[in-house]
Amino acid sequence: MRGEYGESDAVMDTGRHPLWQEEPAARPRMADPVRTAAVRAVIIVALTLVQAMVAFLSTLAGSWLAFPAVLSTVASTVVATWGVLDVWVTRQVWVQRNGVQSQPSSTARELRRERRRARRRQRRESREGPPRVDRAAA
């Protein structure tokens, strides 16, 4: 039986490695609002770079388009700076609202419990004095 592209559906071991292997991500995925801001910033920066190149080339050519292109490139640079700062601010806000949960680990909590028990035991013993021997039981 043949598959969609003419290859055999039966698994054949040819000794070759697969072309594509999934690897675990090195970092967790960005949050949706941060990713949206980052995509927006990349598009704005790319358009600004294209505008800057048009302004540069039209200036070299002595075209009438040079002056408006330079002015729009300056404005686009301001917008691109805002876009990059927007990514940073959005990431900071997201981390503050939804980021790392500040909870002590169970190990640290258990160590604190042990220290508390030891301090209570010491206080109790210092109040009661030396342990008494029950003579009636002896």
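Quick notes on the rules
All residue numbers here refer to positions counted from 1 along the written sequence of the relevant chain. With the structure being a predicted model, the display of local features is reserved for residues of pLDDT at least 70 and the display and counting of side-chain atom pairs for 80 or more, all residues being used for whole-chain, interface and lining totals. To get the side-chain values, take all heavy atoms of the structure and skip hydrogens and water. Helix and strand definitions follow DSSP, with helices as H or I runs of at least four residues and strands as E runs of at least two, each counted in order from the N terminus. To sort residues, take the accessible area from a 1.4 Å probe on protein chains only and compare it with the maximum for the residue type: under 20% means buried, over 50% means exposed, and anything in between is partly exposed. The method behind every accessible area is Shrake-Rupley, applied with a 1.4 Å probe, and residues are considered shielded solely by the protein chains displayed. Expected span, for any helix, means 1.5 Å times one less than how many residues it has. Residue contacts are defined here by distance: any two heavy atoms, one from each residue, within 4.5 Å place the two residues in contact. For every residue, the predictor states its confidence as a pLDDT score lying anywhere from 0 to 100. Each patch is built from residues that are more than 30% exposed by relative accessible area and take part in no salt bridge. Like charges join if they lie within 9 Å; nonpolar side chains (Val, Leu, Ile, Met, Phe, Trp, Tyr) join within 5 Å. Salt bridges, as used here, are contacts in which a Lys or Arg side-chain nitrogen is within 4 Å of a carboxyl oxygen on Asp or Glu. All tallies of charge rest on Lys and Arg as positive and Asp and Glu as negative; His and the ends of each chain are not included. By convention, charge coordinates are those of NZ in Lys, CZ in Arg, CG in Asp, or CD in Glu. Here an axis means a line fitted to C-alpha atoms, over the contact stretch when the element is a helix, while the angle between two N-to-C directions is reported on a 0 to 180 degree scale. Angles are sorted into four bins: roughly parallel if under 35 degrees, roughly antiparallel if over 145, roughly perpendicular if 65 to 115, and oblique for all others. In this scheme, a crossing is called left-handed if the near helix is turned counterclockwise away from the far one by less than a right angle; it is called right-handed if the turn is clockwise. Polar contact is defined as a pair of N or O atoms within 3.5 Å, subject to the rule that within protein one atom must be able to donate a hydrogen and the other to accept it, and that residues adjacent in sequence are counted only when both atoms are side-chain atoms.

A. The arrangement of the overall build of the protein in detail. Check the secondary structure of the protein and you find 3 helices and 0 strands. Starting at the N terminus and walking to the C terminus, you meet the elements of the protein as α-α-α. Classification of the 138 residues of the protein by burial places 14% in the buried group. Here the protein has roughly 12700 Å² of accessible surface; of this, 60% comes from carbon and sulfur atoms.

B. Highlighting helix 1 (residues 32-61). The end-to-end C-alpha distance of helix 1, which contains 30 residues, comes to 44 Å, matching closely the 44 Å that a straight helix rising 1.5 Å per residue would cover. Val34, Ala37, Ala38, Ala41, Ile44, Thr48, Ala55 and Ser58 are the residues of helix 1 that are buried. The inward-facing, buried residues of helix 1 abut helix 2 (66-98). Glycine 62 occupies a position one or two residues after helix 1 and carries a positive phi of about 75 degrees.

C. Representation of the confidence of the model for the protein in the model. When pLDDT is averaged along the protein, the result is 83, and 77% of the positions lie at 70 or above. Element-level pLDDT for the protein is lowest in helix 3 (residues 106-128), with a mean of 85, against a maximum mean of 96 in helix 1.

D. Quick look at a positive patch on the surface. Positive charge collects at one region of the surface, where Arg109, Arg112, Arg115, Arg116, Arg119, Arg120, Arg121, Arg123, Arg124 and Arg127 lie side by side. For arginine 127, the position within the fold is in helix 3.

E. Spatial organisation of helix 2. The end-to-end C-alpha distance of helix 2 is 47 Å, a good match for the 48 Å that 33 residues give at a rise of 1.5 Å each. Residues of helix 2 that are buried include every one of Ala66, Ala69, Thr73, Ser76, Ala80, Gly83, Asp86, Val87 and Thr90, and no others. Those residues of helix 2 that are buried lie in contact with helix 1.

F. Molecular detail of the packing of helix 1 against helix 2. For the pair helix 1 and helix 2, interaxial distance at closest approach is 8 Å and the crossing angle is 160 degrees. For the element pair helix 1 / helix 2, the angle class is roughly antiparallel. Classified by chirality, the crossing of helix 2 by helix 1 is left-handed.

G. Fine view of the side chain of serine 58. Here serine 58 lies in helix 1. Owing to a relative accessible area of 8%, serine 58 belongs among the buried residues under this scheme. Within the local environment of serine 58, its side chain forms a polar contact with the backbone oxygen of valine 54, the two atoms lying 2.8 Å apart. If we skip the residues at most four places from it in the chain, serine 58 touches Ser63, Leu65, Ala66 and Ala69.

H. Just the pattern of salt bridges, in detail. Going through the model one piece at a time under the given rule, you end up with 5 salt bridges. The salt bridge involving arginine 35 is made with aspartate 32; its shortest N-O contact spans 2.2 Å. Remark: aspartate 32 and arginine 35 occur in helix 1; sequence separation between them is 3 residues, near one turn of the helix. Close ionic contact of arginine 117 with glutamate 114 constitutes a salt bridge, the shortest N to O distance being 2.8 Å. A residue pair is termed a helical-turn pair when its members lie 3 or 4 positions apart in one helix, as arginine 117 and glutamate 114 do in helix 3 at 3 residues. The class for glutamate 114 is partly exposed, based on a relative accessible area of 39%.

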